[in-house]
Amino acid sequence: MEVRGLDRLICEHPFFAGSAPEHCELIGGCARNVRFDAGQYLFREGEPADEFFLIRHGRVALEMMAPGRGPLRFLTVNAGEIVGESWLVPPYRWIFDAQALELTRAVSIDARCLRQKAEENHDFGYEMMKRFMAMLVERLHAAQLQMLDVYGSDA
Amino acid sequence: MVPFVARVRARRRETRDTWTLAIDAGGLKFQPGQFNMLYAFGIGEIPVSVSGDPDAPGPLIHTVRAVGAVSDAITRLKPGAALGLRGPYGTSWPVAESRGNDVVVVAGGLGLAPLRPAIYRLLAERSRYGRIAVLYGTRSPADILFPREIETWRRQRNVEIEVTVDHADRIWLGHVGVVTKLIGRATFDPDHTVALICGPEIMMRFTATALKAAGVAPERVYLSLERNMKCAVGQCGHCQFGPTLLCRDGAVMRYDRVQPLLTVREL
């Protein structure tokens, strides 16, 4: 029953909108519900990236520690979005911190489990890659705009 | 073309490099989106959009960022100081024309200042519009313009307000990321939406593209363009932008009319 419930949650999440039910089922087999209180970390830089999160409610801040400046927030992720892409490529380590800014409910996907299923079923793996690639390109474009500092005095 | 002498009544610091001046200008009227030429005597003249309420009596409100010799001199003017002023010039935001529609206002950085008169008028006639969303992106929490007023709009009016910054420290609990990301969060009917955009040109280009992807037709999107304005009356040609002169045909222009020009590098 719980697994079927997770399938539904996954299929209803905007990131997986339009996914084939059998793909949601495959993902659901690697999923569990998680909850983070405000201030709690989903993960810290350097830790193994062995899962990612479909945010259902709440908001998560992505931060990097800068020497002498403290943690710098570079992105917030809201309900309907994804936290975590370092699980996709070796060495599977987080390169930033993710902290819940408010009570956050998410579906955690076990990355090893999902990678294994993607290896076994390349159609599924390709579908996953297409979805993550679209998100990565969108975030890359956003990062480029942020890097340009278009609101600066000399912009 | 000849400026008249106006006097600064009050000056308020908004951010590290941006000031708002209240200028006694003899009750000069303007439409949201229009600009005046402000002249720092002996230094030079620059175009500055009016950032105050178009329906409020009293001084003209201009918000100026100190980025060059003239703007720096203008932001240093103290109450009682004189400056030259001529205007208002240029086209205006289609506020009245948007009645009956949803309105999405997207501001980037100092771009909130030229949009503020339009927001005042939208709020003054709130019942004439559908949903109103104000989406504002800026560099950091310290660079947010008019923060108290934004909170007032958020609390008192039936308006969706979203603010995002490019980067922040831990004190900031709001959005971090580019302003285009807020478009997906806003609620509006794309077929009945008018969008007003003002900010750095690259931000406006990406915002207009995101609005188009969200289903808003380019002819329903307006942006405020900026070039090197000198005469402000379409005579000198300094602000030529393809076949248009921005001081005369702009600064507020419809996106479908300028879209092809925005990617011409030589312009």
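Everything numeric here is computed off the predicted structure, so don't read it as measured data.

Scanning chain A from N- to C-terminus turns up four helices and eight strands. Rg of the C-alpha trace for chain A: 16 Å, near the compact-globule value of 15 Å for 155 residues, within the 12% margin. Within chain A, the fraction of its 155 residues that count as buried is 48%. Partitioning the intrachain contacts of chain A with sequence separation of at least 6 by distance along the chain shows that 73% fall at a separation of at least 24. Of the charged side chains in chain A, 17 are positive and 23 negative; the average position of the first set lies 4 Å away from that of the second.

Residues and elements named next belong to chain B. Within the span of helix α3 (residues 147-156), buried status applies to E149, I150 and W153. All buried residues of α3 project into a common sector of 105 degrees when viewed along the axis, lining one side. Facing away from the buried side of α3 by over 90 degrees, the exposed positions are R148, R155 and Q156. Tucked inside the fold, the buried residues of α3 contact α2 (112-124), β8 (132-138) and β9 (160-165).

Next up on the list: the pairing of strand β6 (residues 82-89) of chain B. All names here are of chain B. As paired elements, strand β1 (residues 4-15) and β6 share four bridges and run antiparallel to each other. Counterpart to F4 in the pairing with β6 is L85. Across four bridges, strand β3 (residues 35-40) lies against β6 in antiparallel orientation. Of the residues in β6, the one forming a bridge with L38 is L85.

All names here are of chain A. The four strands lie next to each other as β2-β7-β4-β5, forming an open sheet whose pairing is antiparallel. The open sheet has two edge strands with one neighbour each: β2 (41-43) and β5 (70-78). Strand after strand, the sheet turns through a mean of 30 degrees between neighbouring axes, direction not considered.

A few words now on the pattern of salt bridges. Counted under the stated rule, the structure contains 27 salt bridges over all chains. Here D17(B) ties to R16(B) by a salt bridge, and the two come within 3.7 Å at their closest N and O atoms. Between E149(B) and R116(B) there is a salt bridge, with the nearest N and O atoms lying 2.6 Å from each other. In this pair, E149(B) sits in helix α3 while R116(B) sits in helix α2, placing the two residues 33 residues apart along the sequence. The exposure class assigned to R116(B) is buried, which follows from its relative accessible area of 5%. Among the charged side chains, a network of salt bridges with common partners joins E63(A), R73(A) and R170(B).

Moving on, we come to the interface of chain B and chain A. Each partner contributes residues to the interface: chain B has 28 residues there, and chain A has 23 residues. Across the chain B/chain A interface, buried area totals approximately 2300 Å², and carbon plus sulfur atoms make up 51% of it. The three residues of chain B that bury the most area against chain A are D166(B), R170(B) and K181(B), which together make up 27% of that side's buried surface. Inspection of the region where chain B meets chain A yields three salt bridges. As a salt-bridge pair, R170(B) and E63(A) come within 2.8 Å of each other at their nearest N and O atoms. Linking chain B with chain A are 11 residue pairs in polar contact (both at pLDDT 80 or more), by the criterion used here. Put simply, the parts of the chain that give the side of chain B that touches chain A at least two residues each are β8, β10 (175-176) and α5 (201-213) of chain B. Counting residues per element, the side of chain B that touches chain A draws most heavily on α5(B), at three residues. The residue makeup of the side of chain B that touches chain A, split by class, is 11 nonpolar, eight polar and nine charged.

The rules behind the values
Residues numbered from 1 in each chain as written. Chains lettered and ligands numbered in written order. Predicted model: local features only at pLDDT ≥ 70, side-chain atom pairs only at ≥ 80, totals over all residues. Heavy atoms only, no water. Helix = DSSP H or I, 4+ residues; strand = E, 2+ residues; numbered from the N terminus. Rg over C-alpha atoms; globule rule 2.2 N^0.38 Å. Buried < 20%, exposed > 50% of the residue type's maximum accessible area, 1.4 Å probe, protein only. Contact = heavy atoms within 4.5 Å. Lys, Arg positive; Asp, Glu negative; His and termini not counted. Charge placed at Lys NZ, Arg CZ, Asp CG, Glu CD. Arc of directions from axis to C-beta. Pairing = 2+ DSSP bridges. Axes fitted to C-alpha atoms, helices over the stretch in contact; angles between N-to-C directions. Salt bridge = Lys/Arg side-chain N within 4 Å of Asp/Glu carboxyl O. Buried area = accessible area lost by both parts, 1.4 Å probe. Polar contact = N/O pair within 3.5 Å; in protein donor to acceptor, adjacent residues only side chain to side chain. Nonpolar A, V, L, I, M, F, W, Y, C, P; charged D, E, K, R; others polar.

Limitation: the analysis is restricted to geometry and does not speak to function.
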